[in-house]
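# Architecture at a glance
Listed below are the residues making up each chain.
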Protein chains: 2
Amino acid sequence: MKLFHTADWHLGKLVQGVYMTEDQRYVLEQFVQAIEQEKPDAVIIAGDLYDRAVPPTDAVHLLDEVMETIVMKLKTPVLAVAGNHDSPSRLNFGSRIMKKNGFHIVGNLTKDLEPVVLHDEHGEVHFHLIPYCDPSIVRTVFEDDVVRTHNDAARKIVEEIRSKMDPNSRHVFVGHAFVTPFGEEEENTSDSERPLSIGGAEYVDAHHFSPFHYTALGHLHQAHHVLDETIRYSGSILKYSISEENHKKGYHIVEMDAAGEVSLEKKLLAPRRDIRTVETTLEDLLNQPINEDYVFVRLLDEAPVLSPMEKVRSVYPNAMHVERKNHSLSPMSNESGKTVNRSKMSDLELFKAFYKEVKGEEVTEETEGIFKEVLDELLKEENETGKISRKREYIRN
Amino acid sequence: MKLFHTADWHLGKLVQGVYMTEDQRYVLEQFVQAIEQEKPDAVIIAGDLYDRAVPPTDAVHLLDEVMETIVMKLKTPVLAVAGNHDSPSRLNFGSRIMKKNGFHIVGNLTKDLEPVVLHDEHGEVHFHLIPYCDPSIVRTVFEDDVVRTHNDAARKIVEEIRSKMDPNSRHVFVGHAFVTPFGEEEENTSDSERPLSIGGAEYVDAHHFSPFHYTALGHLHQAHHVLDETIRYSGSILKYSISEENHKKGYHIVEMDAAGEVSLEKKLLAPRRDIRTVETTLEDLLNQPINEDYVFVRLLDEAPVLSPMEKVRSVYPNAMHVERKNHSLSPMSNESGKTVNRSKMSDLELFKAFYKEVKGEEVTEETEGIFKEVLDELLKEENETGKISRKREYIRN
């Protein structure tokens, strides 16, 4: 049996205020094309189809289109679960009607845990679709007060599945959780993965998944396996944060043999626009060819740059962020060329440094004289009335 | 062919801050039961399935449950369109997948206008499902600049349908619009029908629908026919405003014969709690038996009532609104028993009337003396400083 394993589509996602919908459409077209060519027996989407409970209608439309193509046109069953970003009930709508046509989507956890059964020439494969859910839901659904953490919840769910598992079939677990080799370790968290819960109770021990021939996971955006080659994250279809800059995004093709042994191939998806860091001086940057990527620019210039985004966007029109290297801590040169922390510079030194930054030349004696005059006047007023401390603050900062 | 015609479910509706979900479930259970008994060939829902574009998850869950029962358990096709309260794209999700199982729902207008075709022993019946849409959408979809109003839009759509209509079949139009006998008249608007657009361009002339054997409409909450017996509103399933107090809510059973002639039966749905007005004095009200209806109480008492809602709810725990008859214009008695407009009463008269209202007895001379003293003092201060005009205003009003 051949399976496509993907997850974390996050349709409707905004990155730095930019909707990713067109970028998502771009890679999903490649994904659909691959389904057409490879003809897998099923497509697994392990949660976070949408980026939020109420996605924008464009995102709804895109998912509708993609699902319709996969299920109706390509006749390929889809096995999907809700992630922590999805609304269980909204995703669940129509699920029992669509099931008949091969679109199996589970938004809400239910007690029956009925697997979806698909067949190949070797027999049945049982897919256990477990949506992301808070431990309190597992506690309620199975009336088990012991369930407090996500790890407890996973243990409970797998116990329930095992209690009625057909030992002669092959089994695939589809889930959305923070699975680690030990269940308590923090790792692989990137900025765009919203924490499952507060307080460190979100980790799930990978050992729970040993009864399954393959465990298709979603939630962590980097493709990797946990503990065992058969317990895997496919990763997200796109980089959704600069912290994912070095990830290789794509999906897995999983081949399962008669004995349930899996072999795996990672396929890459080419993004419409990459998300990456550009570290350079402005001068060098302006000599680069125009590029549409979503770049995060770190300018190495010592001197300040006026309207940096405007300049950067003449080369990188979709630049998402510009910063100066270590800008927040950046020391400035004082008269003697030594770098000094700003807060330790005198008012006059600060003014001279500021003047040089803005005008690009040293203060003339005349200007220095005018500044001193104004400053003295202000300080005198301050001592007399105590009323201009705000202005003084302004000058100092 | 036997059809159930319903519309305007408005799942997720709040009436005076109260969610109607349980009331909706209550009547929908009767509706589903009737489908089980009557075994119609199809159920038409002519728009406004939800009350808003993003309904609460309870409402999504309720619609999901009802649709699943009708389509999957009772094997009865559903023919539904989006109304002006629905989100076209959200309602459209999965529609082409669910179509295969007999759940035909059209959220977005598309150019093809492919009818849904059902069969009975006499042949085909074509259902033309036209969602509510702004004239601008019709203008764009059909690239016809002439379309400016809803009436233009309906004319255009019907023209398009007619151009490829099978003359040997029977035809049913399912739509959501403000249809009147002339296309410009304002009628039957109740508070809970949000106007389709501003400026009087929302009316659709019923004459457009003459090519159809039956026109199943939604939008107006009162069941009625327009121009012809075959052009009909089913009305909403519940009263959604006190302005609908005298409506009889239910649905239509439409029987269509071989020639496309229809006969019609109106069926009522019994609400869990009625919405109605109670007009009585508080004393009489407090002697009535406890009743769970959503009442709007108009108290006939001349004297003011302290904490009226609290008292009313001891008998009508679900009372939605309490007012005194003509309260805003209510005259008050002055000393001589003559009724006088408050704004013409002197400060002293106002105080005495207020005192009597609150204490139920006349002001004693001593109290009157204290009031005069305080008032004089305030007025003196006002003349001196002009600063207490706000206090003075407060006393006057």
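All of the points below concern the structure found in this document. Each residue is numbered by its place in its chain's sequence as written, counting from 1. Throughout, the order in which chains and ligands are written sets their labels, letters from A for the former and numbers from 1 for the latter. In keeping with the model being predicted, local features are shown solely for residues with a pLDDT of at least 70 and side-chain atom pairs are shown and tallied solely at 80 or more, while totals for entire chains, interfaces and linings include all residues. Side-chain numbers come from the whole structure's heavy atoms, not from hydrogens or water.

Right, let's talk about the interface of chain A and chain B for a bit. Quite often, the size of an interface is put as the accessible area lost when its parts meet. Throughout, a contact is declared for two residues whenever any of their heavy atoms are within 4.5 Å. In this assembly, 25 residues from chain A lie in contact with 25 residues from chain B. Summing both partners gives a buried area of about 2300 Å² for chain A against chain B, and 68% of it is carried by carbon and sulfur. The quantity reported as buried area is the accessible area (1.4 Å probe) lost by two parts once they are put together, taken as the sum for both. Its largest share of buried area at the contact with chain B, chain A owes to Arg90, Phe93 and Ile97 of chain A, together 31% of the area lost on that side. By definition, a salt bridge exists where a carboxyl oxygen of Asp or Glu is found within 4 Å of a side-chain nitrogen of Lys or Arg. Joining chain A to chain B, the criterion identifies two salt bridges.

Where helices and strands are cited, they refer to DSSP runs of H or I of at least four residues and of E of at least two residues respectively, numbered from the N terminus. In this analysis, the expected span of each helix is defined as 1.5 Å times one less than the number of residues it contains. Under the 1.5 Å per step criterion, the end-to-end length of helix α2 (residues 57-73) of chain B is 23 Å for 17 residues, consistent within 8% with the ideal 24 Å. For each residue, the accessible area found with a 1.4 Å probe, counting protein chains only, is set against the maximum for its type, and the residue is called buried under 20%, exposed over 50%, and partly exposed in between. Considered for burial, the residues of α2 of chain B that qualify are Ala59, Val60, Leu62, Leu63, Asp64, Val66, Met67, Glu68, Ile70, Val71 and Met72 of chain B. Contacts from the buried residues of α2 of chain B go to α3 (88-92) and α4 (95-99) of chain A together with α1 (21-38), β4 (42-46), β5 (78-81) and β6 (103-106) of chain B. Just downstream of α2 of chain B lies lysine 75 of chain B, where phi reads positive at about 50 degrees.

Both copies of the chain are related by a screw-like operation: a rotation about an axis and a shift along it. Aligned on chain B, chain A shows an RMSD of 0.2 Å; the corresponding rotation is 180 degrees and the shift along the axis is 0.2 Å. The superposition of one copy onto the other is thereby described by a two-fold rotation axis. Of the C-alpha atoms belonging to chain A, the one lying closest to the rotation axis is found on methionine 98 of chain A, 2.7 Å away. Comparing contact sets, 100% of the residues at the interface of chain A also lie at the interface in chain B, consistent with an isologous, same-surface contact. Superposition of the copies was done by least squares, using only C-alpha atoms of residues whose pLDDT is at least 70 in both.

Residue and element names in this part refer to chain B. Structurally, arginine 148 is set in the loop between α5 (135-141) and α6 (150-163). On the basis of relative accessible area, arginine 148 is assigned to the exposed category, the value being 52%. Sequence separation of arginine 148 and aspartate 134 is 14 residues, and the distance between their C-alpha atoms is 9.3 Å.

Residues and elements named next belong to chain A. Here an angle of 0 to 180 degrees is reported between the N-to-C directions of two axes, which are lines fitted to C-alpha atoms, with helices fitted over the stretch in contact. Running from N to C, helix α1 (residues 21-38) and helix α2 (residues 57-73) point in directions that differ by 5 degrees, and their axes come no closer than 11 Å. Taken together, the axes of α1 and α2 lie roughly parallel to each other. Where α1 abuts α2, its residues Thr21, Gln24, Arg25, Leu28, Phe31, Val32, Ile35 and Glu36 lie against Asp58, His61, Leu62, Glu65, Val66, Thr69, Ile70 and Lys73. Partitioning the contact of α1 with α2 into residue classes produces seven nonpolar, four polar and five charged. Here the word oblique covers every angle except those under 35 degrees (roughly parallel), over 145 (roughly antiparallel) and from 65 to 115 (roughly perpendicular). Here the term charged refers only to Asp, Glu, Lys and Arg, the term nonpolar to Ala, Val, Leu, Ile, Met, Phe, Trp, Tyr, Cys and Pro, and the term polar to all other amino acids, Gly among them.

Residues and elements named next belong to chain A. Any two rings among Phe, Tyr and Trp, with Trp reduced to its six-membered ring, count as a pair given centres within 6.5 Å; such a pair is stacked if its planes are under 30 degrees apart, edge-to-face if over 60, and tilted if neither. Evaluated as defined, the whole model comprises 18 aromatic pairs over all chains. Consider the rings of phenylalanine 173 and phenylalanine 209, whose centres lie 4.8 Å apart with planes at 55 degrees: the pair is tilted. Linking phenylalanine 173 in strand β9 (residues 170-176) with phenylalanine 209 in the loop between β11 (203-205) and β12 (214-218), this pair joins segments that are 36 residues apart in sequence. With relative accessibility at 5%, the residue phenylalanine 173 sits in the buried group. Judged by centre distance (5.1 Å) and plane angle (55 degrees), the rings of phenylalanine 173 and phenylalanine 212 are tilted. Separated by 39 residues along the polypeptide, phenylalanine 173 in strand β9 and phenylalanine 212 in the loop between β11 and β12 bring together distant segments of the chain. Across the pair, exposure class does not vary: phenylalanine 173 and phenylalanine 212 are buried alike. Here the aromatic cluster, defined as three or more aromatic residues joined through ring pairs, consists of Phe4, Trp9, Phe31 and Tyr251.

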